Amino acid sequence: VHDANRSMMIGRPAPEYGIRLLDDNGAPIAPGQTGHLEVKGIAGLSLFAEYLNNPQATADTYSADGWFKTGDRIKLHADGFLQFADRDKDMLKVGGENVAASEIEAIIVAMPEAREVAVVAQKHPMLDEVPVAFVLVEGGTDTAPPDLAERVIAACKAQLADFKVPRAVHLVDELPRSTLEKIAKAELRKRLADSGA
């Protein structure tokens, strides 16, 4: 039976895989909540068996009972449909609150001057982490309005709770890339740590 997908959903799990969605304490989540996605399959057949020459990475990726920890946060809907929320490593912990980098990025990238955006966590002595935005400027930083960083923060303040507003905005002409041309957020976090900014 063909079951049509719904807009913005990743669908339902295939029957040959087990899935579980867990909260931060390892308990199953209820419909309407967002949790960490783990997948059960056959290692070496339906799931990868191991990281080459890296047993520690393999051990860190599989739970003690053999579930693959995807690193994805998924929202469970009442009808069983799943919706991608964010990557675990892109979640910020601001003063005890979970903040999705993608929520902040969506607001900034809607601005016509922003071609691409990456929001990463910067360590903070009181709040644990705070969001910092790197904005790839359409047409280059030389053409950017002088108040663009302030306007980015104002747009975020208008649409987000205060703790989600970036504490700094860096306008850039390029963003570091990893495989498949994805933004290398780890490199951006390292830049912040190295600069102390």
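What counts as what
- Residues numbered from 1 in each chain as written.
- Predicted model: local features only at pLDDT ≥ 70, side-chain atom pairs only at ≥ 80, totals over all residues.
- Heavy atoms only, no water.
- Helix = DSSP H or I, 4+ residues; strand = E, 2+ residues; numbered from the N terminus.
- Buried < 20%, exposed > 50% of the residue type's maximum accessible area, 1.4 Å probe, protein only.
- Contact = heavy atoms within 4.5 Å.
- Areas by Shrake-Rupley, 256 points an atom, 1.4 Å probe, with all protein chains shown as cover.
- Core = buried A, V, L, I, M, F, W, Y, C linked by side-chain atoms within 4.5 Å.
- Phe/Tyr/Trp six-rings, centres within 6.5 Å; stacked < 30°, edge-to-face > 60°.
- pLDDT = per-residue confidence, 0-100.
- Pairing = 2+ DSSP bridges.
- Axes fitted to C-alpha atoms, helices over the stretch in contact; angles between N-to-C directions.
- Arc of directions from axis to C-beta.

1. Thoughts on the overall build of the chain
Here comes step 1: When its secondary structure is counted, the chain shows four helices and nine strands.
Here comes step 2: Tracing the chain from N to C terminus, the helices and strands come up as β-β-α-β-β-β-β-α-β-β-α-β-α.
Here comes step 3: Along the three orthogonal principal directions, the C-alpha set of the chain runs to about 55 × 40 × 35 Å.
Here comes step 4: Looking at the chain as a whole, 39% of its 197 residues qualify as buried.
Here comes step 5: Put simply, of all contacts in the chain between residues at least 6 apart along the chain, 54% involve residues at least 24 apart.
Here comes step 6: Counting only carbon and sulfur atoms, one obtains 54% of the accessible surface of the chain, whose full area is about 11600 Å².

2. Things to note about the nonpolar core
Here comes step 1: In terms of nonpolar packing, the biggest core is built from 24 residues, with I104, I108, V119 and C156 touching the most fellow members.
Here comes step 2: For this core, the secondary structure elements donating two or more residues are β5 (91-94), α2 (101-109), β7 (114-124), β8 (128-137) and α3 (148-159).
Here comes step 3: Broken down by element, this core gets its largest block of residues, five residues, from α3.
Here comes step 4: If we ignore the near neighbours within four places in the chain, the residues touching I108 are A114, V117, V119, A133, V135, V152, C156 and P166.

3. Comments concerning the packing of aromatic side chains
Aromatic ring pairs are reported here in terms of the distance separating the ring centres and the angle at which the planes meet.
Here comes step 1: Going through the model one piece at a time under the given rule, you end up with four aromatic pairs.
Here comes step 2: Members of the aromatic cluster, joined through ring pairs, are F48, Y51, Y62 and F68.

4. Here we look at the confidence of the model for the chain
Here comes step 1: Here the chain averages 89 in pLDDT, and 96% of its residues register 70 or above.
Here comes step 2: Of all the helices and strands in the chain, strand β4 (residues 82-87) carries the lowest mean pLDDT, 85, while α3 carries the highest, 97.

5. Considering the sheet that holds strand β1 (residues 18-22)
Here comes step 1: Here four strands make up an open sheet; going across it, the order is β1-β2-β3-β4 and the pairing antiparallel. Because the sheet does not close on itself, it has two edges, and the strands there are β1 and β4. On average, each strand axis in the sheet is inclined to that of its neighbour by 45°, with strand direction left out of account.
Here comes step 2: Sheet topology note: the strand β3 (residues 68-76)/β4 ladder contains five bridges and is antiparallel.

6. Overview of unusual backbone geometry
Here comes step 1: The phi angle at N53 is positive, at roughly 55°, despite the residue not being glycine.
Here comes step 2: Within the secondary structure layout, N53 lies in the loop between β2 (34-40) and α1 (55-61).
Here comes step 3: Overall, the relative accessible area of 72% leaves N53 in the exposed class.
Here comes step 4: Phi at D128 is positive, roughly 75°, even though this residue is not glycine.
Here comes step 5: Mapped onto the elements of the fold, D128 is located in strand β8.

7. Examining the pairing of β5
Here comes step 1: With four bridges connecting them, β5 and strand β6 (residues 97-100) associate as antiparallel partners. Directly across from K93, in β6, lies its bridge partner N98.
Here comes step 2: In this structure, the hairpin formed by β5 and β6 is closed by a connection of two residues, where G95 is found at a positive phi of approximately 55°.

8. Thoughts on helix α4 (residues 185-195)
Here comes step 1: Every buried residue of α4 is listed here: K185, L188 and L192. End-on, the buried residues of α4 take up no more than an arc of 60°, which puts them together on one face. Relative to its buried face, α4 has exposed residues pointing more than 90 degrees away, namely A186, A193 and D194.
Here comes step 2: Residues of α4 that are buried make contact with α2, β7, β8 and β9 (168-172).

9. Some points on the environment of T34
Here comes step 1: The topology assignment puts T34 in strand β2.
Here comes step 2: Accessibility expressed as a relative area gives 28% for T34, which makes it partly exposed.
Here comes step 3: For the pair T34 and A155, spaced 121 residues apart in the sequence, the C-alpha separation amounts to 26 Å.
Here comes step 4: Discounting chain neighbours no more than four positions away, the residues touching T34 are I29, R73, I74, K75 and A85.

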